[in-house]
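# Close look at the chain arrangement
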Amino acid sequence: EKCMNIIESSAATSFMSVVTIYALFSDDVKILGFDEPADDAFVVLSSIAFFLFSLEIAVQSWCREKYLQLPDLKKLKSVQNEISWSERIRI
């Protein structure tokens, strides 16, 4: 019950909404308004957003029964593949 109150609080919902908006539009903002040297900062921010989404999924799975299904895990893996930091680590 306490876990659900935290997850469904207006502060948590608002914060994750801002993170979602960043995730949706950051690439467009980067391309339109920044030069290549700013790419590293965007990679860091996108990695933080990915971590926060992963944390949200983990907490939701812990607090709600049957929250996470196998197709959701496949989607999460596909998102992880799009983040360029995984390519930069290999270099």
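Structure first, text after, so check above.
Notes on the structure follow. Fair warning: this is a prediction, and the values are worked out from it, not measured in the lab. (Residues numbered from 1 in each chain as written. Predicted model: local features only at pLDDT ≥ 70, side-chain atom pairs only at ≥ 80, totals over all residues. Heavy atoms only, no water.)

## Let's talk about the state of the cysteines
Disulfide: a covalent bond connecting the sulfur atoms of a pair of cysteines. By the definition in use, this model includes one disulfide. Across the disulfide from Cys3 sits Cys63; the S-S distance is 1.5 Å. Of this pair, Cys3 sits in helix H1 (residues 2-7) while Cys63 is found in helix H3 (residues 39-63), placing the two residues 60 residues apart along the sequence. Look at Cys3 and you get partly exposed, because its relative accessible area is 21%. (Disulfide = S-S within 2.5 Å. Helix = DSSP H or I, 4+ residues; strand = E, 2+ residues; numbered from the N terminus. Buried < 20%, exposed > 50% of the residue type's maximum accessible area, 1.4 Å probe, protein only.)

## Remarks on the pattern of salt bridges
Per the counting criterion, the structure on display carries two salt bridges. Among the ionic pairs, Arg64 bridges to Glu8, the shortest N-O distance being 2.9 Å. Remark: Glu8 occurs in the loop between H1 and helix H2 (10-33) and Arg64 occurs in the loop between H3 and helix H4 (70-82); sequence separation between them is 56 residues. For Arg64, a relative accessible area of 30% translates into the label partly exposed. Here Asp27 makes a salt bridge to Lys30, at a shortest N to O gap of 3.3 Å. Highlighted residues: Asp27 and Lys30, both in helix H2, separated by three residues, approximately one helical turn. (Salt bridge = Lys/Arg side-chain N within 4 Å of Asp/Glu carboxyl O.)

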